[in-house]
Amino acid sequence: QVHFVESGGGLVQPGGSLRLSCAASGGIFSLIAMGWYRQAPGKQRELVATISSSGSTYYDNSVKGRFTISRDNAKNTVYLQMNSLKPEDTAVYHCNKHPPYRVVWGQGTQVTVSS
């Protein structure tokens, strides 16, 4: 089973930036399409961005132009660079394979955008 550990969240003011990291272990990371997901209180988990094994990316319209997903296969790590953050970006952010079929969700990392 592949395991993922997220880090890099925190409290930031509107307009600020954060970079989230997701460290993977226990699988062939370079062959796995990855995604970042987020869940705010009272809402369902939603897909934020994906990156394929070949580097193709997808972004939800709500973050397009502000967020960038990337991966470093040598480090078994996927990143989410978040710029121009808005209060509505506040959520617990999770990483996992995409599509998230038969997965275990970790604790994620909290991102809070507030002045």
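Relevant structure appears above.
Now for a look at the structure at hand. Keep in mind that this is a model prediction, so the values were computed, not measured.

## A look at the pairing of strand S5 (residues 46-51)
Right, on to step 1. Bridge analysis of strand S4 (residues 34-39) against S5 gives five bridges, and the strand direction is antiparallel. By the bridge assignment for S5, Met34 is matched with Ile51.
Right, on to step 2. Two elements, S5 and strand S6 (residues 57-59), share three bridges in a ladder whose sense is antiparallel. Paired with Ala49 across the strands is Tyr59, a residue of S6.

## Focus on the environment of Asp89
Right, on to step 1. Among the secondary structure elements, Asp89 is positioned in the loop between strand S8 (77-82) and strand S9 (91-97).
Right, on to step 2. Each C-alpha atom, one on Asp89 and one on Val113, is 6.8 Å from the other, the two residues being 24 residues apart in sequence.
Right, on to step 3. Leaving out residues up to four positions away in the same chain, Asp89 has contacts with Arg38, Val63, Arg66, Phe67, Val111 and Val113.
Right, on to step 4. A polar contact is formed between the side chain of Asp89 and the side chain of Arg38, at a distance of 3.0 Å.
Right, on to step 5. Here the side chain of Asp89 touches Arg66 through a polar contact of 2.8 Å, side chain to side chain.

## Overview of the sheet that holds strand S7 (residues 67-72)
Right, on to step 1. One open sheet accounts for four strands, arranged S1-S3-S8-S7; its pairing is antiparallel. Both edges of this open sheet fall to strand S1 (3-7) and S7, since each of them pairs with a single strand only. Neighbour to neighbour, the strand axes of the sheet diverge by 15 degrees on average, direction disregarded.
Right, on to step 2. In the sheet, S1 pairs with strand S3 (residues 18-25) via five bridges, with the strands oriented antiparallel. Each bridged residue has a counterpart across the sheet, and for Glu6 the counterpart in S3 is Cys22.

## So, the pairing of S8
Right, on to step 1. Counting buried positions along S8 yields five of six residues, so the element is predominantly enclosed.
Right, on to step 2. Summarising the sheet, S3 and S8 pair through six bridges and their orientation is antiparallel. Counterpart to Ser21 in the pairing with S8 is Tyr79.
Right, on to step 3. Sheet analysis places S7 next to S8, joined by six bridges and oriented antiparallel. Paired with Asp72 across the bridge in S8 is Thr77.
Right, on to step 4. Counted between consecutive antiparallel strands, the loop separating S7 from S8 contains four residues, among which Asn76 sits at a positive phi close to 50 degrees.

## Re the environment of Asn96
Right, on to step 1. On the secondary structure map, Asn96 appears in strand S9.
Right, on to step 2. Overall, the relative accessible area of 3% leaves Asn96 in the buried class.
Right, on to step 3. Measuring from C-alpha to C-alpha, the distance between Asn96 and Gly108 comes to 10.0 Å, with twelve residues separating the pair along the chain.
Right, on to step 4. For Asn96, the side chain forms a polar contact with the main-chain oxygen of Val104, separated by 3.2 Å.

Thresholds applied
- Residues numbered from 1 in each chain as written.
- Predicted model: local features only at pLDDT ≥ 70, side-chain atom pairs only at ≥ 80, totals over all residues.
- Heavy atoms only, no water.
- Pairing = 2+ DSSP bridges.
- Helix = DSSP H or I, 4+ residues; strand = E, 2+ residues; numbered from the N terminus.
- Contact = heavy atoms within 4.5 Å.
- Polar contact = N/O pair within 3.5 Å; in protein donor to acceptor, adjacent residues only side chain to side chain.
- Axes fitted to C-alpha atoms, helices over the stretch in contact; angles between N-to-C directions.
- Buried < 20%, exposed > 50% of the residue type's maximum accessible area, 1.4 Å probe, protein only.

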